[in-house]
Amino acid sequence: MTGCSTENISDRLYTQSIGIGGGQRITLHGLAFDETMPFSGSGASAAEALAHAEAQQGGRIFLGHTELLCLDGSRTLESCRRLLTEQGLSPACKVICADLPDVFGEGRSEALLQSVRMAEKNGLLAVTDLSTALDEWLGQKQTALLPAVTGDAEGMVLLHEDGTRTALSEEAVRGLFWLRAHGSEPVNVTLGSADITVLQCHLDTDVEIQADVLTLVYSLTVRSEDCPSSLRTTAAAHILQQCTAAAEEMLAADADVIGMETLLAAHGIGDMPSRLRIRTEVMVQ
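Residues numbered from 1 in each chain as written. Predicted model: local features only at pLDDT ≥ 70, side-chain atom pairs only at ≥ 80, totals over all residues. Heavy atoms only, no water.

(A) Quick peek at the packing of helix H6 (residues 170–179) against helix H7 (residues 229–252). Contact pair H6 / H7: the axes reach a minimum separation of 7 Å and the direction vectors enclose 100°. Judged by the angle between their axes, H6 and H7 are roughly perpendicular. Residue-level contacts link Glu171, Ala172, Arg174, Gly175, Leu176, Trp178 and Leu179 of H6 to Ile239, Gln241, Gln242, Cys243, Ala245, Ala246, Glu249 and Met250 of H7. Grouping the amino acids of the contact of H6 with H7 by side-chain chemistry returns nine nonpolar, three polar and three charged. (Axes fitted to C-alpha atoms, helices over the stretch in contact; angles between N-to-C directions. Helix = DSSP H or I, 4+ residues; strand = E, 2+ residues; numbered from the N terminus. Parallel < 35°, antiparallel > 145°, perpendicular 65-115°, else oblique. Contact = heavy atoms within 4.5 Å. Nonpolar A, V, L, I, M, F, W, Y, C, P; charged D, E, K, R; others polar.)

Written out as structure tokens, the structure is:
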């Protein structure tokens, strides 16, 4: 756990979750595995906040096992980048938007983490981790897609570089799950009145140019284990509606969390055109 070091495990504090917020100041909260007691520190940078927390606790704080990073929506993604590159925060750490007192004041962080993971597994939320959020935020549009928690309600928001948040409709959230699905991890989803097991999602992309209008084409193929042929057309229409809503809300929010920049760059287009459209196509097998 400590790697090549002469430092004893007992000399370190291991965090499960961290919160960053408080306007222009950084506040970190953690949960020590051995004591289940919160600790915190604040400063003008992530390094300063960590130093204050370590001074108060009398031990070095190790971030490599942190599973949950909670942001209050202020301009904090730059601090997240510094925690990753300078302090060893795991790139697989889950990132969410929430009010910090609601998460850390009641010790809900562990339950909240499991809730977000189950929502991802059941196709209710698009999978989002720290490395993905930073890749999006450092892109041309400077937006990141993050799960958001308000009270007991869960959804997703677009967090912009200036700290503002754009809430997404439930339909668009489901559509983003499909457009961002990777690999062949089986998930259980509900389409209308039918519950199916999705074995794999494969996304093909293309660019079409007609006159002065550029169209990005997202073609999604969904393989299901238990979707009968009589329901495949209905399921495809259901998914198409969700993906279309997601694409429309991305354009309306001037955001890129579905790889638009990457797709354009692959076709030698460097900047986002002013007349841009997105078309989605869906097939269920």
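Further notes follow.
(B) The sheet that holds strand E11 (residues 187–191), seen in detail. The strand order across the open sheet built from four strands is E11-E12-E13-E14, with neighbouring strands paired in mixed fashion. Either end of the sheet is taken by a strand with one partner, and the two such strands are E11 and strand E14 (276–284). Averaged over all adjacent pairs, the angle separating strand axes in this sheet is 40°, with direction ignored. Here strand E13 (residues 213–224) pairs with E14 via nine bridges, running parallel. Of the residues in E14, the one forming a bridge with threonine 221 is methionine 283. (Pairing = 2+ DSSP bridges.)

(C) Examining the side chain of threonine 143 more closely. Looking at the secondary structure, you find threonine 143 in strand E8 (residues 143–150). Among the residues examined, threonine 143 registers a relative accessible area of 0% and is labelled buried. A polar atom in the side chain of threonine 143 sits 3.4 Å from the backbone nitrogen of aspartate 256. Beyond its immediate chain neighbours, meaning those up to four positions away, threonine 143 contacts Glu136, Trp137, Leu159, His160, Asp254, Ala255, Asp256 and Val257. (Buried < 20%, exposed > 50% of the residue type's maximum accessible area, 1.4 Å probe, protein only. Polar contact = N/O pair within 3.5 Å; in protein donor to acceptor, adjacent residues only side chain to side chain.)

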